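Remarks on the overall topology
For reference, the chains in residue letters:
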Amino acid sequence: MTLTDEQELIRNTVQEFVANEVGTDVDEADANQTFPEDVWDGLAELDLTGLTVPEEYGGLDVDTLTYSIVNEELAYGHLAVATALSVHCLATSCIRQFGSDEHREEWLPEMVSGRPVGAFALSEPHAGSNPAELSTEATRDGDEYVINGKKQWITNGERAGVVILFAKTDRDDPDSVTQFLVPKDVEGLEVGKKEDKLGLRASDTTTLIFDDVRIPAENRLTEVGEGLSSAFSILTGGRVAIASQAVGVAQAALDDSIAYAHDREQFGKSIVEHQAIGHKLADMQTNVQAARLLTRDAARQNEGGVAPKAAAMAKYFASETAVDVASEAVQIHGGYGYTKDFDVERYYRDAKITTIYEGTSEIQKKIIARHLKR
């Protein structure tokens, strides 16, 4: 899985950015549940907020593997930042792929500059793993759509300036789900509850409430009934990003554990010299590298088109690996690992979400099984 010179350059740039700009804000942002806007502005200065935007609109238009690498390196430093960026990129990808020329010209250059931030509103209180059960409605009224409903688990919910929304155009027709572009400042759109989460605490996760929200009919991005298929195609690439983030968290937990195991002494020698610890680290190293290779293979397959099985395999294995590696990292650190004095405590809390958002591990296994052939 050799990287090109350009990919190596981008990886080194992101690594340097993480080392110099991200690390100092992580603990404070996590403790206060506040997103580090200065870090976001730094991403925008590097044009990373335009990763999936065509060059003609000011974006970088990177390939899927490069996108994967950026997500891994950002998550190594701060998963909340990587998550915010990947959701922003889901929004820019929807506008790029499904929007009109007017939509792209209006929104993409500004989104490359970092503002407005994008959000992706698919999940609802009673429609998570099965989005076909969503109940948000967009009713045609002349030259407008009137939207009513509630979305949940929306990353960038507070910060967003534009929302990619999925709603039914006919409440009685499960096949009428359609994709819309909704400016955040439109009348009737309110930010609801901000979730108090186990991990990923610096990322704002909220509900969005639509109360007779009116948008122009031309803000419909897909044909009526093509919303779910469009969402699934975008989320396939999104799952490669989440797999990459899981690898980044796992690598951070592994690196901290190796350093600690060399420094910490018990029974007259460094604990890395004790077979029990050495073998833990060997398993962690092997699984992290396996997850990385599986993720990069999925990235390459998705570059040639949508590869749902490869993306699902990568997300499933990498996210479960992140949880396992972070758990072992806490164990290696012993009592210290259970305190906020060491970062492994945060890795442990953060890693779990990668097995849940953008499709649970159970959903990934369902996708994999569906694509198995004799």
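Quick note: structure is the one above.
Figured I'd write up the structure that's included with this text. (Residues numbered from 1 in each chain as written. Predicted model: local features only at pLDDT ≥ 70, side-chain atom pairs only at ≥ 80, totals over all residues. Heavy atoms only, no water.)

1. Points about the side chain of Lys 168
- If you trace the backbone, Lys 168 turns up in strand E4 (residues 160-168).
- When sequence neighbours within four positions are dropped, the list of residues in contact with Lys 168 reads Ala 132, Leu 134, Thr 136, Glu 137, Ala 138, Asp 173, Pro 174, Ser 176 and Val 177. (Helix = DSSP H or I, 4+ residues; strand = E, 2+ residues; numbered from the N terminus. Contact = heavy atoms within 4.5 Å.)

2. Quick notes on the pattern of salt bridges
- Under the defined criterion, the tally for this structure stands at 21 salt bridges.
- For Glu 8, the salt bridge goes to Arg 11, with nearest N and O atoms at 2.7 Å. Within this pair, Glu 8 and its partner Arg 11 are both found in helix H1 (residues 5-22), separated by three residues, close to a single helical turn.
- Taking relative accessible area as the criterion, Glu 8 reaches 27% and is therefore assigned partly exposed. (Salt bridge = Lys/Arg side-chain N within 4 Å of Asp/Glu carboxyl O. Buried < 20%, exposed > 50% of the residue type's maximum accessible area, 1.4 Å probe, protein only.)

3. Side note on the pairing of strand E7 (residues 205-216)
- Here strand E3 (residues 144-155) pairs with E7 via nine bridges, running antiparallel. Looking at the pairing, Ile 147 lines up with Val 213 of E7.
- For strand E6 (residues 189-194) and E7, the ladder comprises four bridges, and the chain directions are antiparallel. Within E7, the residue paired with Val 191 across the bridge is Leu 208. (Pairing = 2+ DSSP bridges.)

4. Things to note about the environment of Gly 157
- Here Gly 157 lies in the loop between E3 and E4.
- Residues Gly 157 and Val 191 lie 34 residues apart in sequence; the distance between their C-alpha atoms is 6.9 Å.
- The contacts of Gly 157, once residues within four sequence positions are left out, are Lys 184, Val 191, Asp 204, Thr 206 and Leu 208.

5. Observations concerning the pairing of E3
- Where strand E2 (residues 137-141) lies against E3, five bridges are found, and the strand directions are antiparallel. Opposite Ala 138, over in E3, you have Ile 147 as the bridge partner.
- The hairpin formed by E2 and E3 contains two residues between the paired strands, and Gly 142 there has a positive phi angle of roughly 65 degrees.

6. Some points on the packing of aromatic side chains
- This structure, assessed with the given rule, holds five aromatic pairs.
- When the centroid spacing of 6.1 Å and the interplanar angle of 70 degrees are considered together, the rings of Phe 35 and Trp 40 count as edge-to-face.
- Classification of Trp 40 by relative accessible area gives buried; the value is 0%.
- Aromatic pair Tyr 336 and Phe 342: ring centres 5.7 Å apart, planes at 50 degrees, arrangement tilted.
- Taking the relative accessible area as the measure of exposure, Tyr 336 reaches 41% and is therefore partly exposed. (Phe/Tyr/Trp six-rings, centres within 6.5 Å; stacked < 30°, edge-to-face > 60°.)

7. A look at helix H4 (residues 64-77)
- Its 14 residues give H4 an end-to-end C-alpha distance of 21 Å, which sits within 8% of 20 Å, the value for a rise of 1.5 Å per residue.
- The element H4 is largely enclosed, with a buried count of 13 among its 14 residues.
- Among the residues of H4, the N-terminal cap falls to Asp 63, whose side-chain oxygen and the backbone nitrogen of Leu 65 are separated by 3.1 Å. (Expected span 1.5 Å × (residues − 1). Polar contact = N/O pair within 3.5 Å; in protein donor to acceptor, adjacent residues only side chain to side chain.)

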